[in-house]
Amino acid sequence: MKVNGHRLRQRLNECESVKAVLSAKFTDAKSKFPDEEKAALTTIASQFEACDIRIARLQDIQARYNLHVTVTVHGQTFSLREAVARLGGAGRLEKMWRSIATPSRDRYSYGASDTRDPNQLVSRPTMEADEALEYLKRASRFASDLRSAIANANTIEIDVRDLPGITFDVSTLD
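Conventions we followed
Residues numbered from 1 in each chain as written. Predicted model: local features only at pLDDT ≥ 70, side-chain atom pairs only at ≥ 80, totals over all residues. Heavy atoms only, no water. Helix = DSSP H or I, 4+ residues; strand = E, 2+ residues; numbered from the N terminus. Rg over C-alpha atoms; globule rule 2.2 N^0.38 Å. Buried < 20%, exposed > 50% of the residue type's maximum accessible area, 1.4 Å probe, protein only. Contact = heavy atoms within 4.5 Å. Areas by Shrake-Rupley, 256 points an atom, 1.4 Å probe, with all protein chains shown as cover. Lys, Arg positive; Asp, Glu negative; His and termini not counted. Charge placed at Lys NZ, Arg CZ, Asp CG, Glu CD. Disulfide = S-S within 2.5 Å. Phe/Tyr/Trp six-rings, centres within 6.5 Å; stacked < 30°, edge-to-face > 60°. Lys NZ or Arg CZ within 6 Å of the ring centre and 35° of its normal.

A.B. asks: Where do I start with the overall build of the protein chain in this structure?
C.D. replies: Scanning the protein chain for helices and strands turns up 4 helices and 4 strands. The secondary structure elements of the protein chain, listed N-terminal to C-terminal, are β-α-α-β-β-α-α-β. Relative to the globule expectation of 16 Å for 174 residues, the C-alpha radius of gyration of the protein chain, 26 Å, shows a markedly less compact shape. The dimensions of the protein chain, computed from C-alpha atoms along their principal axes, are 85 × 50 × 20 Å. Here the protein chain holds 174 residues, and the buried ones make up 26% of them. Intrachain contacts of the protein chain at a sequence separation of at least 6 include 75% that bridge at least 24 residues. Accessible area of the protein chain: about 12,100 Å², with a carbon and sulfur share of 51%. Looking at charge distribution, the protein chain has the averaged site of its 26 positive side-chain charges lying 2 Å from that of its 24 negative ones.

Structure, rendered in structure tokens:
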């Protein structure tokens, strides 16, 4: 069975949708009127359990896929799993540098340029916006390149049987 990251995510989404429907059907089937036809709770529960097992197995394959596939960003090579984990921090760092490079002024307070009293203590920026802009560019480039590498890595197609440690029959996932 050949998969890529996008296909795995799609199958997981499909299974999670089916599981949500089965959960709703189970709740609805807890009671019925004499003239209603509803599936037996045990039937729905069996379908729910099978769906849950399928999701767990797909997640297992996804985790192994993410550890198997590697990306290289700015000369650093690491697993797709690590790339995904680092993306959140890279985006937050980019946002932090953006806040320094483009300071917003509180419209209800006075800035340092609004006062001339030499006796007033005023805090000063620890870094100039132009210098912060250079750090922002680097952080932004890294985050962008990381996103691109993740997107490209998720297109790599591999046979599930080539992943180490699969202990179940993958044909049941088709």
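Next comes the rest of the write-up.
A.B. asks: Please clarify how the state of the cysteines should be interpreted in this entry.
C.D. replies: One covalent bond between the sulfur atoms of two cysteine residues makes up a disulfide. Summed over the entire model, instances satisfying the criterion amount to 0 disulfides. Free of any disulfide, Cys51 has its nearest cysteine sulfur in Cys15, 5.0 Å distant. According to the relative accessible area criterion, Cys51 is buried, its value standing at 8%.

A.B. asks: Would you mind showing me how to read unusual backbone geometry here?
C.D. replies: Note: most residues except glycine have negative phi, and most peptide bonds are trans. One non-glycine residue, His74, lies in positive phi territory at about 50 degrees. Checked against the element boundaries, His74 lands in the loop between β2 (70–73) and β3 (76–79). Taking relative accessible area as the criterion, His74 reaches 44% and is therefore assigned partly exposed.

A.B. asks: Sorry if this is basic, but what is going on with the environment of Leu67 here?
C.D. replies: Assignment of secondary structure puts Leu67 in helix α2 (residues 41–68). Given a relative accessible area of 57%, Leu67 falls into the exposed group. Sequence separation between Leu67 and Ile100 is 33 residues; the distance between their C-alpha atoms is 35 Å. The contacts of Leu67, once residues within four sequence positions are left out, are Ser79 and Arg81.

A.B. asks: Honestly, the packing of aromatic side chains in this entry has me stumped. Any pointers?
C.D. replies: Centre distance and the angle of the planes are the two values used to describe a pair of aromatic rings. According to the stated counting rule, one finds 1 aromatic pair in the structure shown. Measuring from ring centre to ring centre gives 4.6 Å for Trp97 and Tyr135, while their planes differ by 15 degrees; the resulting arrangement is stacked. Linking Trp97 in helix α3 (residues 80–101) with Tyr135 in helix α4 (residues 129–153), this pair joins segments that are 38 residues apart in sequence. By relative accessible area, Tyr135 is classed as partly exposed at 30%. The residue whose ring lies beneath Arg86 is Phe78, and the NZ or CZ to ring-centre distance is 4.7 Å. The cationic tip of Arg138 hangs over the ring face of Tyr135; the distance from NZ or CZ to the ring centre is 4.7 Å.

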